[in-house]
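Spelled out, the chains give:
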Amino acid sequence: MNPSINMDEQRSAYFARLYHDSADPWQVRQRWYEERKRALLLACLPQQHYRNAYEPGCGNGELTAALAQRCERMLAADMSEQALQLAQRRLADAGLGDKVHFEHHRLPQDWPRLGLGIEKFDLIVISEIAYYLSSEELAQVAEQCAASLAHGGSVVLCHWRAPFVQRMQSTVCVHAAFQNIASLHQLLHHEEADFLLGVWSSDARSVAQREGFA
């Protein structure tokens with residue numbers, strides 16, 4: 001059996017079990033930890049508004065709903081059909097359903113293909129998903145992010161640091177993979193005991209420099 005297919009099946013079964021048991025398996029709608037982490041991520045975005053964003057691994061759509069308020073349009077994806085249904089319902093309830101298109105994606109093989117009516121993204125958010133990838137898959141996703149990023153756009157990574165059974169990469173290794181991409185410049189590194197948050201951009205200028213007063 002192809003090892004990558006086997007990994008996909010295992011990941012699919014894992015998320016299917018999670019969302020079968022709970023519509024909010026990580027309690028992202030209840031925990032102050034999660035609410036605070038979302039607020040930090042949103043505050044760290046170097047632009048106030050975005051034209052076209054991509055969020056693979058959207059889960060039940062809680063972060064998607066917050067991001068959609070800053071974006072003209074979004075592509076939100078997940079490998080779990082149950083999660084996608086929950087996310088669609090969350091965005092519809094928030095009155096944001098028209099701004100977000102949902103697709104079933106596995107990474108890296110289902111990464112959006114450019115040139116088929118899809119513009120490059122000026123915001124890509126990789127949150128709490130990259131540690132499920134093998135080293136080879138992670139390297140491919142990092143390259144895909146760089147190739148899919150519009151000029152001046154940003155890639156945001158945010159990941160839990162504690163060990164757990166399904167983890168294939170440490171969070172430090174996940175974020176380090178993006179340091180090796182020549183076209184990306186790290187604008188922000190936020191480190192806590194629980195998680196890492198980083199922002200990379202094809203534009204090395206700070207927020208103040210972009211606004212012309214530094």
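Residues numbered from 1 in each chain as written. Predicted model: local features only at pLDDT ≥ 70, side-chain atom pairs only at ≥ 80, totals over all residues. Heavy atoms only, no water.

### So, the nonpolar core
The biggest cluster of nonpolar side chains holds 33 residues, and the ones touching the most others in it are Tyr54, Trp111, Ile124, Ile126, Cys145 and Phe178. Mapped onto this core, the elements with two or more residues apiece are helix H1 (3-21), strand S2 (71-78), helix H4 (81-93), strand S4 (121-127), helix H5 (135-148), strand S5 (149-160) and helix H6 (171-179). With 5 residues, H5 is the single largest residue contributor to this core. Contact partners of isoleucine 126, with chain neighbours within four places excluded, come to Pro56, Trp111, Cys145, Val156, Leu157, Cys158 and His159. Leu67, Leu84, Phe102 and Val156 belong to the second largest nonpolar core, which has 28 residues in total. (Core = buried A, V, L, I, M, F, W, Y, C linked by side-chain atoms within 4.5 Å. Buried < 20%, exposed > 50% of the residue type's maximum accessible area, 1.4 Å probe, protein only. Helix = DSSP H or I, 4+ residues; strand = E, 2+ residues; numbered from the N terminus. Contact = heavy atoms within 4.5 Å.)

### Notes on the pairing of S5
Regular strands place side chains that alternate from one sheet face to the opposite one. Of all 12 residues in S5, 10 are buried, a share of seventy percent or more. Across 6 bridges, S4 lies against S5 in parallel orientation. By the bridge assignment for S5, phenylalanine 121 is matched with leucine 149. Each parallel crossover has a hand, and the one from S4 via H5 to S5 is right-handed. (Pairing = 2+ DSSP bridges. Right-handed = clockwise from strand over helix to strand, strands pointing away.)

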